[in-house]
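# Coordinate analysis (summary)
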Amino acid sequence: MSVRKIIRMGHPRLRERAVDYPVTQIGSGAFLELITDLQETLHAYGGIGLAAPQIDVGFRIAIIEIEDGMTRYGEIESIPFAVYVNPQITRLSADAAGYWEACLSVPGMRGYVERPQHIRVDFIDGKGKPTSREARGFLATVFQHELDHLDGTLYIDRIKHPSLLSFEEEWLEHHSDEEMG
Ligand code: ZN
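Our subject in this report is the structure included herewith.

It is worth spelling out the pairing of strand 8 (residues 118-124) at this point. Within strand 8, five of the seven residues are buried, which leaves it mostly tucked inside the rest of the structure. Sheet topology places strand 5 (residues 79-91) next to strand 8; five bridges connect them, and they run antiparallel. The partner of Ile89 across the bridge, within strand 8, is Val121. For strand 8 and strand 9 (residues 130-136), the ladder comprises seven bridges, and the chain directions are antiparallel. Residue pairing for strand 9: Val121 is matched across the bridge by Arg133. Connecting strand 8 to the next strand, strand 9, in antiparallel fashion are five residues, including Gly128 with a positive phi near 90 degrees.

Shown next, in the form of structure tokens:
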């Protein structure tokens, strides 16, 4: 078990479509080691979500964990640690909302991205059980951001204009108090 290196924009793995994880392998030693490494890496880097391709593993697996209290996104609802294997997103509404997103694979930057704001995610959980959950608002954005990684897509691909990309320091000074949603 170990903290893995998060690969950054420019690494070709981040642009590949990840492959389905073999469901029969869920619960295996290799699976549990991968999940532990993802969680330890997420904690070490201080993020709220991580997809396997970000540690150079080409499987359709992501984790999300939002702890109580402040994050770099401000005060948001907490979500217990969960594993999403072979997830699929369904849009439940055409309504979109925008947030200033950040990505551990694009460090030091923020970008304003608009996405559908009510979705359902169908996935296999960390114990091999088919599961489904709905997400709205910021959490819907978190899911879409993480699952985009499984298709080789980065949030910067979804920014409507380059002026909506900012370094973190300049974002804090000039944009962090803008209305979101
Ligand atoms: Zn990301």
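Moving on from the model shown.
The next thing to look at is the coordination of the zinc ion. With distances of 2.0 to 2.3 Å, the protein atoms coordinating the zinc ion are Cys103 (SG), His145 (NE2) and His149 (NE2). Counting the intervening residues between successive donors of the zinc ion yields the motif C-x41-H-x3-H. Linking Cys103 in strand 6 (residues 96-103) with His145 in helix 2 (residues 137-148), this pair joins segments that are 42 residues apart in sequence.

Locating Ala102 in the fold gives a position in strand 6. Sequence separation of Ala102 and Tyr112 is 10 residues, and the distance between their C-alpha atoms is 9.1 Å.

Turning our attention to the sheet that holds strand 8. Sheet architecture is open: five strands sit in the order 1-2-5-8-9, paired in antiparallel fashion. Looking at strand neighbours, the two that pair on one side only are strand 1 (49-51) and strand 9, the edges of this open sheet. Across the sheet, the mean angle separating the axes of adjacent strands is 40 degrees when strand polarity is ignored. Set on the sheet, helix 1 (residues 29-45) makes contact with strand 1, strand 2 (61-66) and strand 5; between it and strand 2 the angle comes to about 40 degrees. Along the sheet, helix 2 makes contact with strand 1, strand 2, strand 5, strand 8 and strand 9, crossing strand 9 at roughly 125 degrees.

An ideal rise of 1.5 Å per residue puts 24 Å on 17 residues; helix 1 measures up with 24 Å between its terminal C-alpha atoms. If you check which residues of helix 1 are buried, you get Phe31, Leu34, Ile35, Asp37, Leu38, Thr41 and Leu42. The buried residues of helix 1 occupy an angular sector of 160 degrees when the element is viewed end-on, so they sit on one face. Facing away from the buried side of helix 1, by more than 90 degrees, are the exposed residues Gly29 and Ala44. Residues of helix 1 that are buried make contact with strand 1, strand 2 and strand 5.

Thresholds, definitions, all that
Residues numbered from 1 in each chain as written. Predicted model: local features only at pLDDT ≥ 70, side-chain atom pairs only at ≥ 80, totals over all residues. Heavy atoms only, no water. Buried < 20%, exposed > 50% of the residue type's maximum accessible area, 1.4 Å probe, protein only. Helix = DSSP H or I, 4+ residues; strand = E, 2+ residues; numbered from the N terminus. Pairing = 2+ DSSP bridges. Donors = N, O, S within 2.8 Å, 3.2 Å for Na, K, Ca; no water. Axes fitted to C-alpha atoms, helices over the stretch in contact; angles between N-to-C directions. Contact = heavy atoms within 4.5 Å. Expected span 1.5 Å × (residues − 1). Arc of directions from axis to C-beta.

Remember that the coordinates give geometry; whether it matters functionally is a separate question.
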